[in-house]
Amino acid sequence: AQRLVRGSRVLVASRYRPVDLLGALHVPLIDFRDHEVRKFLLHDARVQARLHGGELPRDLFDRLCRELSGTPGHLEIARVVLGTVSAEELRGDLDAAESAELARAREAHLQRIFLERLWERLPASARVLVSRVAASELPLPVEAAARIATCSVVEAQRDLDTARAL
């Protein structure tokens, strides 16, 4: 948040409590129930059109609504997939209990959540070091990492240890 003044309030919608947030009221975000998933998915015009046009059978949509849960971010990705995947593919994926597209969407969503959290936990110096050495495909000795990050070997080792510990 930027340009906040004393007494400002910030609403953070997240499944996880932000790190180092003092004096915050944390209300856990629960997964949507099937009727809430249905309502969320039907806010997409493509999903609605496919459902009402018969391209997405009602029984398949109902099944998906029962099996899907998650946060709005996860459901938004599912809504995009529903707008493009064929009913046959979706039925096959649900029968196999793991859709490749849904699995990729779920994985991307979880990575976004967890990677951002890990990145935020790194001190600024470790972020600089990690972002600079990440471009190398080769293993780097700590001396090379220090040179790339323009810091001492001791600082580079400390930051690498911090990043590994997360």
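These numbers were taken from a predicted model, which means no experiment stands behind them.

## Quick notes on unusual backbone geometry
Of note, the phi angle at Thr150 is positive, near 50°, even though the residue is not glycine. On the secondary structure map, Thr150 appears in the loop between helix 8 (142-148) and helix 9 (153-165).

## Quick word on the environment of Cys151
Along the chain, Cys151 turns up in the loop between helix 8 and helix 9. Spatially, the C-alpha atom of Cys151 lies 8.6 Å from that of Leu129, the residues being 22 residues apart in sequence.

## Re the packing of helix 7 (residues 124-133) against helix 9
Put simply, helix 7 and helix 9 touch, their axes get as near as 9 Å, and they point 90° apart. With respect to helix 9, the axis of helix 7 lies roughly perpendicular. Contacts between helix 7 and helix 9 involve Ser125, Ala126, Leu129 and Val130 from the first element and Ala156, Arg158, Asp159, Leu160 and Ala163 from the second. Here the contact of helix 7 with helix 9 is composed, by residue class, of six nonpolar, one polar and two charged.

## Brief notes about the nonpolar core
Counting 19 residues, the largest nonpolar core has Leu41, Leu56, Phe61, Leu68, Leu82 and Leu90 as the members making the most contacts within it. At the level of secondary structure, the elements contributing two or more residues to this core comprise helix 1 (34-41), helix 2 (45-52), helix 3 (58-67), helix 4 (72-82) and helix 5 (87-95). Sequence-distant contacts of Leu41, that is, excluding residues within four places in its chain, are made with Val47, Phe61, Cys65, Leu68, Leu75, Arg79 and Leu82. Among the nonpolar cores identified, the runner-up in size contains eight residues, and Leu129, Ala145, Ala146 and Leu160 belong to it.

## Some remarks on the pattern of salt bridges
One pass over the full model with this rule turns up four salt bridges. The salt bridge involving Arg38 is made with Asp62; its shortest N-O contact spans 2.6 Å. Of this pair, Arg38 sits in helix 1 while Asp62 sits in helix 3, placing them 24 residues apart in sequence. On the basis of relative accessibility, which here comes to 23%, the residue Arg38 falls in the partly exposed class. Between Arg158 and Asp159 there is a salt bridge whose closest N-O contact spans 3.2 Å. Overall, the relative accessible area of 44% leaves Arg158 in the partly exposed class. Classification of Asp159 as buried rests on a relative accessible area of 2%.

How each quantity is defined
Every chain's residues receive numbers from 1 upward, in the order its sequence appears when written. Predicted model: local features are reported for residues with pLDDT of at least 70 only, side-chain atom pairs are reported and counted for 80 or more only, and whole-chain, interface and lining totals are derived from all residues. Side-chain calculation: all heavy atoms of the structure are included, whereas hydrogens and water are not. By the criteria applied, helices consist of DSSP H or I runs no shorter than four residues and strands consist of E runs no shorter than two, each listed in order from the N terminus. Interaxial angle, 0 to 180 degrees, is taken between N-to-C directions of lines fitted to C-alpha atoms, where a helix line uses only the stretch in contact. Angles below 35 degrees are treated as roughly parallel, those above 145 as roughly antiparallel, those between 65 and 115 as roughly perpendicular, and all remaining angles as oblique. Only heavy atoms matter for contacts: two residues are in contact if any of them lie within 4.5 Å across the pair. We call Asp, Glu, Lys and Arg charged. Ala, Val, Leu, Ile, Met, Phe, Trp, Tyr, Cys and Pro are nonpolar, and the rest, Gly among them, are polar. To define a nonpolar core, start from buried Ala, Val, Leu, Ile, Met, Phe, Trp, Tyr and Cys residues and group those joined through side-chain atoms within 4.5 Å. The rule is simple: take the accessible area with a 1.4 Å probe, protein chains only, and divide by the maximum for that residue type; under 20% is buried, over 50% is exposed, in between is partly exposed. Think of a salt bridge as a Lys or Arg side-chain nitrogen and an Asp or Glu carboxyl oxygen that are within 4 Å of each other.

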